[in-house]
Amino acid sequence: MKKRGFADLFFLLLMAYLVLPVVATMFYAFATKWNKTILPEGLTFKWLATLFQDAEFIQAFGRSVLLSSGAVVVALLVIVPAIFVIVLYFPKYEKWIQMAVVMVYSFPGIILAVGLIRVYSKFGVPMILVVLGAYVIGILPYIYQGTRNSLRNIDARQLLDAAQLLGASKLQAFTKILLPTVYPGLFAGALLSFSVLFGEFVLINIVVGSRFETVQIYLMKKLSVSGHIASAVVFIYIVLMGLLTFAIATLTKRSKGATNL
Amino acid sequence: MSYIVIEGLHKKYGSTTVLSNIDMKIDKGEFITLLGPSGCGKSTILRILAGLTDASAGKIIIEGKDMIGVQPKDRQVGMVFQSYALFPNMTVKENVAFGLRMQKVNTAEVDQRVQEMLVIVHLSEKANAYPKELSGGQQQRVALARALIVRPKVLLLDEPLSALDAQIRQKLQADLRAIQQKLGITMILVTHDQEEAMAVSDRIFVMNNGMIAQSGTPTAIYTCPESEFIANFIGHYNVFTRQALETMIGETLPKEYSKYAIRPEAIHLELRQGDVCISGEAKQSLMSGNVIRTTFEGECPFTMEQLHQRGQSFELGKNYVCYVAREDVIALS
């Protein structure tokens, strides 16, 4: 009983540590004034309204969505077929992908940013494309893991064989059988990748900076202008991430017999 | 000309030969079984027939058409896999309809043929279930229906029943044979289970080390094994060297054969005219269902099988004289 009491206490402390800053930030986004009182003096939608009336924010939000989703789409189009081909036909090469996955984690953002600037700035390549390329590689672990785990639950090669013997071409077998079967895992990986990229700040700030202002750069700017506006930006970010997490959680509950992440 | 002809089929993986000089002729509507131990190359023949694996050399002709180089989807060859290979994202109905949809058959006909096929495999009530909601036996019947509905020229069955428990396996063996006879379809079954092969086949090709060791009807294979391998693999035969058997029965045997085989159930205790006699000390009696298998030791150890209901119990440690009809002593090449 005593053990249980301690466990509950530590759990509550942990939750307070994790949740309180988020709740406080969210309250601050709706507070009329919150300087000398324990709770906000009043609540208002003013800061949110201000934010949505600010064309700069809307553009930054649009850029973040465009950049993150663009990188995810490119990654899905390039990496997923590659993973399928390697897993199904050249499994001995899979270790190279696994090595690439580990290497993604081994480069700190600041070093990656400096490296990208030094290598690509002299070629005249638009740096936003360089960041997009780095993002595509950066989400390799999420896309790879989502696809690979789904494939692990099925005998993909045999499903492909069965479909072909029933008259399907390789492309039909891929699109009608394999892709729908791994779709929940793949989609979850894509959403996870999107949320990670949406919150990315270091690379975009150092390599491109204010020339391509994303939500994170906008947030950084607003921190010195108004705490309420900055909190409103964080609130919108948290709501977006919450929706994405809910979507991932829903998808990872197996649906229709398909495999998941 | 035979419906399916396989001539001089070879398959090598690197320096390893898995199939060597395979020749087979199969008539339309025959139920053929490729029987052999694991790794003998029987599944490779199926995969080559289906076009999923390329042959290193040889010819495959189905209904007069050379199949080398023809894509799997264009061969009109169906296949049922050991692990079912049902599409997990589709219902039973959608799985069965898949082949017809690929052939662009109109929806009304697809629905009608799917319903008919589900009736044949007794799964009408499971039409809207997903594969994961079915038992192993039901999943295998869906796989069978899915392969049969496209009316393939030949249906290949790659150990389709080996993952199922004994009772369901026996039921499905009977179903498989009944469906094959009803539809008149040519089937080639791969199995390592000799009882299964005996139960369903018109002809059996026994394979060993990538070669066909013997072929024939189940009765011919069982009663006339041509080699020690067949005798051991197909029916737990007692195999004796010529010298040992000569000593035991006190007669001289033809010198061109080095080994002889006797079926365990051909050994009996009553002397009949023309019998040869063998003797040994009863060492162990094991009952497997309706059969008692008794092991005797002596100059030549042997095993005797008797039906349980008529079986006599042997006193272990005691010497017995047993008899075998002369025609049941089979010379092995």
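Just so it is clear, the model here is predicted, and its values are computed rather than measured.

**Side note on the overall build of chain B**
Next, step 1: When you go through chain B residue by residue, the secondary structure sums to nine helices and 18 strands.
Next, step 2: Judged by the C-alpha coordinates and their principal axes, chain B covers about 75 × 45 × 35 Å.
Next, step 3: Counting every position in chain B, which comprises 333 residues, the buried fraction comes to 42%.

**Focus: the overall build of chain A**
Next, step 1: The helix and strand tally for chain A stands at 12 helices and zero strands.
Next, step 2: Starting at the N terminus and walking to the C terminus, you meet the elements of chain A as α-α-α-α-α-α-α-α-α-α-α-α.
Next, step 3: Taken along the three principal axes of its C-alpha coordinates, chain A extends 75 × 65 × 35 Å.
Next, step 4: Looking at chain A as a whole, 33% of its 261 residues qualify as buried.
Next, step 5: For chain A, contacts bridging at least 24 residues in sequence account for 73% of all contacts bridging at least 6.

**Remarks on the nonpolar core**
Next, step 1: Counting 152 residues, the largest nonpolar core has Leu 159 of chain A together with Ala 145, Leu 156 and Val 206 of chain B as its most contacted members.
Next, step 2: Among the elements that line this core, the one with the most residues is helix 9 (residues 170–198) of chain A, at 12 residues.
Next, step 3: Every residue in contact with Val 206 of chain B, bar those within four places of it in the chain, is listed here: Leu 35, Gly 36, Ala 213, Gln 214, Ile 221, Ile 230, Phe 233 and Ile 234 of chain B.

**Observations regarding the interface of chain B and chain A**
Next, step 1: On the side of chain A, 20 residues touch chain B, which itself brings 22 residues to the contact.
Next, step 2: Contributions of two or more residues to the side of chain B that touches chain A are made by strand 6 (77–80) and helix 2 (92–102) of chain B.
Next, step 3: Considering only residue class, the side of chain B that touches chain A consists of 14 nonpolar, five polar and three charged.

**Here we look at the confidence of the model for chain B**
Next, step 1: Scored by pLDDT, chain B comes out at a mean of 91, with 99% of its residues at no less than 70.
Next, step 2: Predicted as a complex, the structure gets a pTM of 0.77 and an ipTM equal to 0.82.

**A closer look at the sheet that holds strand 16 (residues 302–307) of chain B**
Residues and elements named next belong to chain B.
Next, step 1: The sheet built from five strands is open, its strands ordered 13-17-14-15-16 with antiparallel pairing. Two strands bound the open sheet, and with one partner strand each, they are strand 13 (267–268) and strand 16.
Next, step 2: Bridging between strand 13 and strand 17 (residues 319–325) involves two bridges; their strand directions are antiparallel. Bridge pairing in strand 17 links Ile 267 to Val 324.

**Concerning the pairing of strand 3 (residues 31–35) of chain B**
In regular strands, side chains alternate between the two faces of the sheet.
All names here are of chain B.
Next, step 1: Counting buried residues along strand 3, five of its five residues qualify, which places the element largely inside the surrounding structure.
Next, step 2: Of the two faces of strand 3, both are covered, the one formed by Phe 31, Thr 33 and Leu 35 as well as the one formed by Ile 32 and Leu 34.
Next, step 3: Here strand 3 runs beside strand 8 (residues 186–191); their pairing, made up of five bridges, is parallel. Note on strand 8: the bridge partner recorded for Thr 33 is Leu 189.
Next, step 4: As paired strands, strand 3 and strand 9 (residues 203–208) are joined by four bridges and run parallel to one another. Along strand 9, the bridge assignment pairs Leu 35 with Val 206.

**Here's the deal with the environment of Glu 265 of chain B**
All names here are of chain B.
Next, step 1: Note that Glu 265 resides in the loop between strand 12 (259–262) and strand 13.
Next, step 2: Under the C-beta neighbour-count criterion, Glu 265 is labelled partly exposed, with 16 such atoms within 10 Å.
Next, step 3: For Glu 265 and Val 200, which are 65 residues apart along the polypeptide, the C-alpha to C-alpha distance reads 22 Å.

**Describing helix 8 (residues 228–235) of chain B**
Next, step 1: Taken residue by residue, helix 8 of chain B has Ile 230, Ala 231, Phe 233 and Ile 234 of chain B as its buried positions.
Next, step 2: Looking one or two places after helix 8 of chain B, you find His 236 of chain B, whose phi comes out positive at around 50 degrees.

**Section: the sheet that holds strand 2 (residues 16–26) of chain B**
Residue and element names in this part refer to chain B.
Next, step 1: Taken in spatial order, the four strands make up an open sheet running 2-1-4-5, and their pairing is antiparallel. Since the sheet does not close on itself, it has two edges, and those belong to strand 2 and strand 5 (65–66), each with one partner.
Next, step 2: Bridge count between strand 4 (residues 57–62) and strand 5: two bridges; the pairing is antiparallel. Each residue of the ladder has a partner; that of Ile 61, found in strand 5, is Asp 66.
Next, step 3: Against the sheet, helix 1 (residues 42–50) makes contact with strand 1 (4–13), strand 2 and strand 4, and its axis sits at roughly 65 degrees relative to strand 2, the strand it touches most.

**A word on the packing of helix 7 (residues 140–152) of chain A against helix 9 of chain A**
Residues and elements named next belong to chain A.
Next, step 1: Orientation of helix 7 relative to helix 9, taken along the N-to-C sense of each, is 165 degrees, at an axis distance of 8 Å. Between helix 7 and helix 9, the angle is such that the two are roughly antiparallel. As for how helix 7 packs across helix 9, the hand of that crossing is right-handed. In this structure, helix 7 contributes Tyr 142, Ile 143, Gln 145, Gly 146, Thr 147, Asn 149, Ser 150 and Leu 151 to the contact, and helix 9 contributes Val 182, Gly 185, Leu 186, Ala 188, Gly 189, Leu 192 and Ser 193.

**A short note on helix 3 (residues 107–120) of chain B**
Residues and elements named next belong to chain B.
Next, step 1: With 14 residues, helix 3 should reach 20 Å at 1.5 Å per residue; the first-to-last C-alpha distance of 20 Å fits that figure.
Next, step 2: For helix 3, every residue scored as buried is listed here: Val 110, Val 114, Met 117 and Leu 118. Taken around the axis of helix 3, the buried residues stretch over an arc of 100 degrees, which confines them to a single face. In this structure, helix 3 carries Ala 108, Glu 109, Gln 112, Glu 116 and Val 119 as exposed residues pointing more than 90 degrees from its buried face.
Next, step 3: Those residues of helix 3 that are buried lie in contact with helix 2 and helix 4 (136–148).
Next, step 4: Following helix 3 by one or two positions, His 122 has its phi on the positive side, about 60 degrees.

So, how was this worked out
- Residues numbered from 1 in each chain as written.
- Chains lettered and ligands numbered in written order.
- Predicted model: local features only at pLDDT ≥ 70, side-chain atom pairs only at ≥ 80, totals over all residues.
- Helix = DSSP H or I, 4+ residues; strand = E, 2+ residues; numbered from the N terminus.
- Buried ≥ 20, exposed ≤ 12 C-beta atoms within 10 Å, placed from the backbone.
- Contact = placed C-beta atoms within 7 Å.
- Core = buried A, V, L, I, M, F, W, Y, C linked by C-beta atoms within 7 Å.
- Nonpolar A, V, L, I, M, F, W, Y, C, P; charged D, E, K, R; others polar.
- pLDDT = per-residue confidence, 0-100.
- Pairing = 2+ DSSP bridges.
- Axes fitted to C-alpha atoms, helices over the stretch in contact; angles between N-to-C directions.
- Parallel < 35°, antiparallel > 145°, perpendicular 65-115°, else oblique.
- Left-handed = near helix turned anticlockwise from the far one by under 90°.
- Expected span 1.5 Å × (residues − 1).
- Arc of directions from axis to C-beta.

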